[in-house]
Amino acid sequence: MKIKLSLGNVLIKYMLFAFNLIFVVTGIALLGFGFLVRTLFQSYAHFLTPKYFDVASTFVTVGSIVVVVAFLGCCGAIKESAWMVLTFSLLLGALFVIEIVGSAGSYVLSANAIPVIQDKFNETMKLYNHSQELTRVWDVLQSSLDCCGAQNYTDWYPILNESLPMSCCGDQIGAVGSRTCDAQSASLHRQPCLHILGHIIQDNAGSIAIVALGIAFLQMLGILFACTLGKSIRYQYQQM
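Residues numbered from 1 in each chain as written. Predicted model: local features only at pLDDT ≥ 70, side-chain atom pairs only at ≥ 80, totals over all residues. Heavy atoms only, no water.

Enquirer: Residue-level account of the overall build of the protein chain, with values.
Expert: The helix and strand tally for the protein chain stands at six helices and zero strands. Starting at the N terminus and walking to the C terminus, you meet the elements of the protein chain as α-α-α-α-α-α. Buried residues in the protein chain amount to 48% of all 240 residues. Counting contacts in the protein chain only where the partners sit at least 6 residues apart, residues at least 24 apart contribute 76% of the total. Counting every atom, the protein chain has about 12300 Å² of accessible surface; 65% of that belongs to carbon and sulfur. (Helix = DSSP H or I, 4+ residues; strand = E, 2+ residues; numbered from the N terminus. Buried < 20%, exposed > 50% of the residue type's maximum accessible area, 1.4 Å probe, protein only. Contact = heavy atoms within 4.5 Å. Areas by Shrake-Rupley, 256 points an atom, 1.4 Å probe, with all protein chains shown as cover.)

The structure is reproduced here in structure tokens:
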């Protein structure tokens, strides 16, 4: 039996419905953003720890769930179903907690990005001449970011017997013997890779935290609307 809501609760009902449409959009945005950041991190997988991918994957999952939960909230509001509305608020509350925790984790990863990358640089640079894969990875990194070495191009000297990879001068990957790349080369990339890559990872990890926090606090309004509407529906059912 359909109950008649007060004017104020009717307004809350349609505001909740409108908020859920926004949640669907934010869920899709969070899903897409998580995929984009994960793809970016994948490009530098050799220089990061699995935690960076875990955070991106978490927001891909949360974005998917937000879309489903928002649909439940829309149905509950339109049908004036107390259990659907309250279930929606509980699920949204759980997602809110996950997003806050994920945002905090992403902030920590952003703050620790440079030390993590520095450690990975130190590990992989020593294997440059001993692993074809790492040779390619470093050549791609230095060519694409116009950088050389971790903190300075001279980082390569003890590893490559006082010489530099051709990618430090922007040459194509695998270029050998076409010309030399040294400290006097006009095309030498003098920017340190640690500085450039560190800021790329920090900016993206930080963006995840900001986007997730914004969506989480928007969801708080949805939780408040849902709880108010659900209690009102239950109360009016009890009065019948």
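Enquirer: Can you lay out the nonpolar core for me, pointing to particular residues and giving the numbers?
Expert: Core analysis: the biggest nonpolar cluster contains 56 residues, and F121, W138, L141, W156, L164, L197 and I201 have the highest contact counts within it. The set of elements that each furnish at least two residues to this core consists of α1 (7-43), α2 (50-79), α3 (82-111), α4 (113-125), α5 (132-145) and α6 (193-238). For this core, the element with the highest residue contribution is α6, accounting for ten residues. Among residues more than four places away in sequence, those in contact with L164 are C148, Y153, W156, Y157, C181, D182, A183 and L188. (Core = buried A, V, L, I, M, F, W, Y, C linked by side-chain atoms within 4.5 Å.)

Enquirer: How would you summarise unusual backbone geometry if you had to cite specific residues and measurements?
Expert: Positive phi is not limited to glycine here, since D146 has a value of about 55°. Checked against the element boundaries, D146 lands in the loop between α5 and α6. Residue classification places D146 among the partly exposed positions, given a relative accessible area of 44%. Even without a glycine there, the phi angle at N161 is positive, about 55°. Judged by its relative accessible area of 67%, N161 falls in the exposed class.

Enquirer: Help me get a handle on the environment of I196, residues and values and all.
Expert: Take I196: it is sitting in helix α6. Classification of I196 by relative accessible area gives buried; the value is 18%. Along the backbone, I196 and L145 are 51 residues apart, and their C-alpha atoms lie at a distance of 7.3 Å. Excluding residues that lie within four positions of it along the chain, I196 makes contacts with L145, D146, C147 and Q191.

Enquirer: Can you lay out the packing of α4 against α5 for me, pointing to particular residues and giving the numbers?
Expert: Where α4 contacts α5, the two axes come as close as 10 Å, and the packing angle between them is 130°. By the criterion of interaxial angle, the relationship of α4 to α5 is oblique. Contact residues: F121, T124 and M125 in α4; L134, W138 and L141 in α5. The residue inventory of the contact of α4 with α5, partitioned by class, reads five nonpolar, one polar and no charged. (Axes fitted to C-alpha atoms, helices over the stretch in contact; angles between N-to-C directions. Parallel < 35°, antiparallel > 145°, perpendicular 65-115°, else oblique. Nonpolar A, V, L, I, M, F, W, Y, C, P; charged D, E, K, R; others polar.)

Enquirer: So, the state of the cysteines: which residues are in play, and what are the values?
Expert: On inspection of all chains with the given rule, the structure shows three disulfides. Paired through a disulfide, C147 and C193 show a sulfur-sulfur distance of 2.1 Å. On the S-S bond that ties C147 to C193, the torsion sits near 90°, and the link is right-handed. Residue C147 is located in the loop between α5 and α6, and its partner C193 is located in helix α6; the two are separated by 46 residues in the primary sequence. Considered together, C147 and C193 belong to a single accessibility category, that of buried residues. Covalent S-S linkage joins C169 and C181, the inter-sulfur distance amounting to 2.0 Å. The chirality of the disulfide connecting C169 with C181 is right-handed, given an S-S dihedral of about 85°. Highlighted residues: C169 in the loop between α5 and α6 and C181 in the loop between α5 and α6, separated in sequence by twelve residues. Side by side, C169 and C181 carry an identical accessibility label, which is buried. With cysteine numbering restricted to those in disulfides and following the sequence, the protein chain has the pairing 1-6, 2-3, 4-5. (Disulfide = S-S within 2.5 Å.)

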